[in-house]
Amino acid sequence: PEFQGKQLARNIEISRVLGEVGAKHGKSAAQTAIRWVLERQFVTCALVGAKSPRQVAENAGALGWSLDEEDLERLNQITETKVSG
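None of the values given here were measured: they were computed from a predicted structure.

### Observations regarding the pattern of salt bridges
Overall, the coordinates contain seven salt bridges when judged by the stated rule. Across the pair Arg40 and Glu80 runs a salt bridge whose closest N-O atoms are separated by 3.9 Å. With a gap of 40 residues between them, Arg40 in the loop between helix H2 (29-38) and helix H3 (53-60) and Glu80 in helix H4 (residues 69-80) connect regions that are remote in the sequence. When salt bridges with common partners are traced through the structure, they connect Glu13, Arg16, Glu20 and Arg74 into a single cluster.

Here you go:
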């Protein structure tokens, strides 16, 4: 169900916003997603996988920077929007 109909469209929109926010900081959508998870209240770690040194380096790009309040609000808002139907 995550990859069909309205839910798929929502997930594509979330990916687009992650890309836009990441570009603002010179980061990838994946790095931005990890950073956003780490900045969520009550989150103490983000478990991410990697199959190569390149992926480890990509994931590490989520460290050492922060999202501003505008970015956090934008990401929180789009991910908390429910899909109807």
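### So, the side chain of Gln7
Its place among the elements puts Gln7 in helix H1 (residues 5-25). According to the relative accessible area criterion, Gln7 is buried, its value standing at 17%. With near-sequence residues (within four places) excluded, Gln7 lies in contact with Pro1, Glu2 and Val83.

### Thoughts on the packing of H1 against H4
Direction vectors running N to C along H1 and H4 enclose 170°, while the axes themselves pass 10 Å from each other. By the angle between their directions, the pair H1 and H4 is classed as roughly antiparallel. Each of Arg10, Glu13, Ile14, Arg16, Val17, Leu18, Glu20, Val21, Lys24 and His25 in H1 lies in contact with H4, whose residues at this interface are Asp71, Arg74, Leu75, Ile78, Thr79 and Glu80. When its residues are assigned to classes, the contact of H1 with H4 shows six nonpolar, two polar and eight charged.

### A look at unusual backbone geometry
Not every positive phi belongs to a glycine, and Phe42 is a case in point at roughly 75°. Mapping Phe42 onto the fold places it in the loop between H2 and H3. Its relative accessible area of 77% is what places Phe42 among the exposed residues.

### Here we look at the nonpolar core
One finds Ile14, Val17, Leu18, Val21, Trp36, Trp65, Leu67, Leu72, Leu75 and Ile78 forming the largest nonpolar core, which totals ten residues. Only H1 and H4 provide two or more residues apiece to this core. The greatest single-element share of this core, amounting to four residues, is contributed by H1. Once residues within four sequence positions are removed from consideration, Val17 is found in contact with Arg74, Leu75 and Ile78.

### Observations concerning a nonpolar patch on the surface
A surface patch of nonpolar side chains, about 320 Å² in accessible area, is lined by Phe3, Leu8 and Ile12. Here Ile12 is to be found in helix H1.

### Thoughts on H4
Its twelve residues give H4 an end-to-end C-alpha distance of 16 Å, which sits within 8% of 16 Å, the value for a rise of 1.5 Å per residue. Against the buried residues of H4 lie H1 and H2. Between the side-chain oxygen at the start of H4 and the backbone nitrogen of Glu70 there is a gap of 3.2 Å, and the oxygen is on Asp68.

Analysis parameters
- Residues numbered from 1 in each chain as written.
- Predicted model: local features only at pLDDT ≥ 70, side-chain atom pairs only at ≥ 80, totals over all residues.
- Heavy atoms only, no water.
- Salt bridge = Lys/Arg side-chain N within 4 Å of Asp/Glu carboxyl O.
- Helix = DSSP H or I, 4+ residues; strand = E, 2+ residues; numbered from the N terminus.
- Buried < 20%, exposed > 50% of the residue type's maximum accessible area, 1.4 Å probe, protein only.
- Contact = heavy atoms within 4.5 Å.
- Axes fitted to C-alpha atoms, helices over the stretch in contact; angles between N-to-C directions.
- Parallel < 35°, antiparallel > 145°, perpendicular 65-115°, else oblique.
- Nonpolar A, V, L, I, M, F, W, Y, C, P; charged D, E, K, R; others polar.
- Core = buried A, V, L, I, M, F, W, Y, C linked by side-chain atoms within 4.5 Å.
- Patch = residues over 30% accessible without salt bridge, like charges linked within 9 Å, V, L, I, M, F, W, Y side chains within 5 Å.
- Areas by Shrake-Rupley, 256 points an atom, 1.4 Å probe, with all protein chains shown as cover.
- Expected span 1.5 Å × (residues − 1).
- Polar contact = N/O pair within 3.5 Å; in protein donor to acceptor, adjacent residues only side chain to side chain.

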